[in-house]
Amino acid sequence: MKPVPHATSLRRAPVQRRSAERLTRILDACADLLDEVGYDALSTRAVAQRAGVPIGSVYRFFGNKRQMADALAQRNLERFTERVTERLRGAGDAGAPGAPGGGGWRTAMDAVLDEYLAMKRTAPGFSLVDFGNQIPVGVRQSEPNHRVADRLTDLLSGYLAREPDEDMRRAFLVAVETADTLVQLAFRMDPEGDEKIIDEARRLLRAYLAGLLG
């Protein structure tokens, strides 16, 4: 199972700091407007106005709103990875991976699920875009979950001191697909995420991963 290549929707990557800051403002505006008006009503002109940049600056980076949403999804994945990494760094301070009371795959799984739920609840635009599974809204594609699984495999293999082999990639892909489906169900049942369904998801993931990583 080969890793899925990282995709980029940028027409031109920012080089100077000023250009990078402008791109950040554009993506921030895109995220805010997704929450306010939804994907269908989103427009590049509205994003430019909200970001306080000329419309040409938006088209410098993106050809259309789909590419903007794709870039936001990619940024979400980067930020998610950073959050999980920071969480695991703090967990590692309590003990070596696998040691009682600190580290281990259960700590890693909780970090991944908890940070995903936190972003689902608080990150602008995340509920509509997440890592790309909902672009356009309501259309589910498998490739983003492959990228999430690949990213988690690369991140967690070092933490767990395991070889990132094909079995691990498959296990994390199954876990990511399962968690994605159940979390989406939890948020359809309750705007803040139905806690009982989330608990069931956590229990199911622990049972599945225990046979592979325990």
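Just so it is clear, the model here is predicted, and its values are computed rather than measured.

S.K.: What exactly am I supposed to notice about helix H2 (residues 44–51) here?
M.R.: Structurally, the α-helix is built with 3.6 residues per turn, so residues lying three or four positions apart point the same way. If you check which residues of H2 are buried, you get Thr44, Val47, Ala48 and Ala51. Here the buried residues of H2 occupy an arc of 100° about the axis, which is enough to place them on one side. Turned more than 90 degrees off the buried face of H2, the exposed positions are Arg45 and Gln49. Glycine 52 sits one or two positions beyond H2 and adopts a positive phi of about 75°.

S.K.: How should I be thinking about the confidence of the model for the protein in this particular structure?
M.R.: Close inspection of predicted coordinates is inappropriate in any region flagged by low pLDDT. Here the protein averages 86 in pLDDT, while 85% of its residues score no lower than 70. Of all helices and strands in the protein, the one with the weakest mean pLDDT is helix H7 (residues 143–160) (90), whereas H2 scores best (96). In this model residues 1–7 is a low-confidence stretch, pLDDT under 50, and it forms 18 contacts with partners more than four residues away in sequence or in other chains. Segment residues 94–102: pLDDT under 50, and 10 contacts once partners within four positions in sequence are set aside and those in other chains are kept.

S.K.: For this particular structure, what's the right way to read the nonpolar core?
M.R.: Generally speaking, a soluble globular protein has its nonpolar side chains buried in company with each other. One finds Phe80, Leu156 and Leu160 to be the most contacted residues of the largest nonpolar core, which totals 37 residues. Of all the elements in the fold, those that place two or more residues in this core are helix H4 (65–92), helix H5 (104–122), H7, helix H8 (166–189) and helix H9 (195–213). Every residue in contact with leucine 160, bar those within four places of it in the chain, is listed here: Gly104, Trp105, Met168, Phe172 and Leu213. If you look at the next biggest cluster of nonpolar residues, it comprises 24 residues, including Leu23, Ala29, Leu42 and Leu72.

S.K.: Even after reading the chapter, I still don't get the packing of H8 against H9, so can you show me in this structure?
M.R.: Geometrically, a packed helix pair is captured by the angle between its two axes and the distance between the axes. Axis separation between H8 and H9 bottoms out at 9 Å; the angle between their running directions is 170°. In terms of orientation, H8 lies roughly antiparallel with respect to H9. Contacts between H8 and H9 involve Met168, Arg170, Ala171, Phe172, Val174, Ala175, Thr178, Ala179, Leu182, Leu185, Ala186 and Met189 on the former and, on the latter, Ile197, Ile198, Ala201, Leu204, Leu205, Tyr208, Leu209, Leu212 and Leu213. For the contact of H8 with H9, the per-class residue count stands at 19 nonpolar, 1 polar and 1 charged.

S.K.: Hey, could you run me through the pattern of salt bridges in this one?
M.R.: Between side chains of opposite charge, a pair can form when the charged atoms approach closely. A full pass over the atoms with the stated rule returns 19 salt bridges. Between arginine 89 and glutamate 86 there is a salt bridge, with its nearest N and O atoms 2.6 Å apart. With a gap of 3 residues between them, arginine 89 and glutamate 86 both fall in helix H4, about one helical turn apart. With its nearest N and O atoms 3.1 Å apart, the salt bridge here joins arginine 169 to aspartate 154.

S.K.: How should I be thinking about the packing of H7 against H8 in this particular structure?
M.R.: Where H7 contacts H8, the axes come no closer than 8 Å and their chain directions differ by 125°. Judged by the inter-axis angle, H7 sits oblique to H8. Crossing handedness for the pair H7 and H8: right-handed. Note on element contacts: H8 touches H7 through Met168, Arg169, Phe172, Leu173, Val176, Glu177 and Asp180, opposite Asn145, His146, Val148, Ala149, Asp150, Leu152, Thr153, Asp154, Leu156, Ser157 and Leu160. Split into classes, the residues belonging to the contact of H7 with H8 amount to 9 nonpolar, 4 polar and 5 charged.

S.K.: Help me understand the side chain of glutamate 115 in this model?
M.R.: One can find glutamate 115 in helix H5. Relative accessible area serves as the criterion here: at 12%, glutamate 115 is assigned to the buried category. A polar atom in the side chain of glutamate 115 sits 3.2 Å from the side chain of arginine 87. Those residues within four positions of glutamate 115 in sequence are excluded, and the remaining contacts are Phe80, Arg83, Val84 and Arg87.

The rules we used
- Residues numbered from 1 in each chain as written.
- Predicted model: local features only at pLDDT ≥ 70, side-chain atom pairs only at ≥ 80, totals over all residues.
- Heavy atoms only, no water.
- Buried < 20%, exposed > 50% of the residue type's maximum accessible area, 1.4 Å probe, protein only.
- Helix = DSSP H or I, 4+ residues; strand = E, 2+ residues; numbered from the N terminus.
- Arc of directions from axis to C-beta.
- pLDDT = per-residue confidence, 0-100.
- Contact = heavy atoms within 4.5 Å.
- Core = buried A, V, L, I, M, F, W, Y, C linked by side-chain atoms within 4.5 Å.
- Axes fitted to C-alpha atoms, helices over the stretch in contact; angles between N-to-C directions.
- Parallel < 35°, antiparallel > 145°, perpendicular 65-115°, else oblique.
- Nonpolar A, V, L, I, M, F, W, Y, C, P; charged D, E, K, R; others polar.
- Salt bridge = Lys/Arg side-chain N within 4 Å of Asp/Glu carboxyl O.
- Left-handed = near helix turned anticlockwise from the far one by under 90°.
- Polar contact = N/O pair within 3.5 Å; in protein donor to acceptor, adjacent residues only side chain to side chain.

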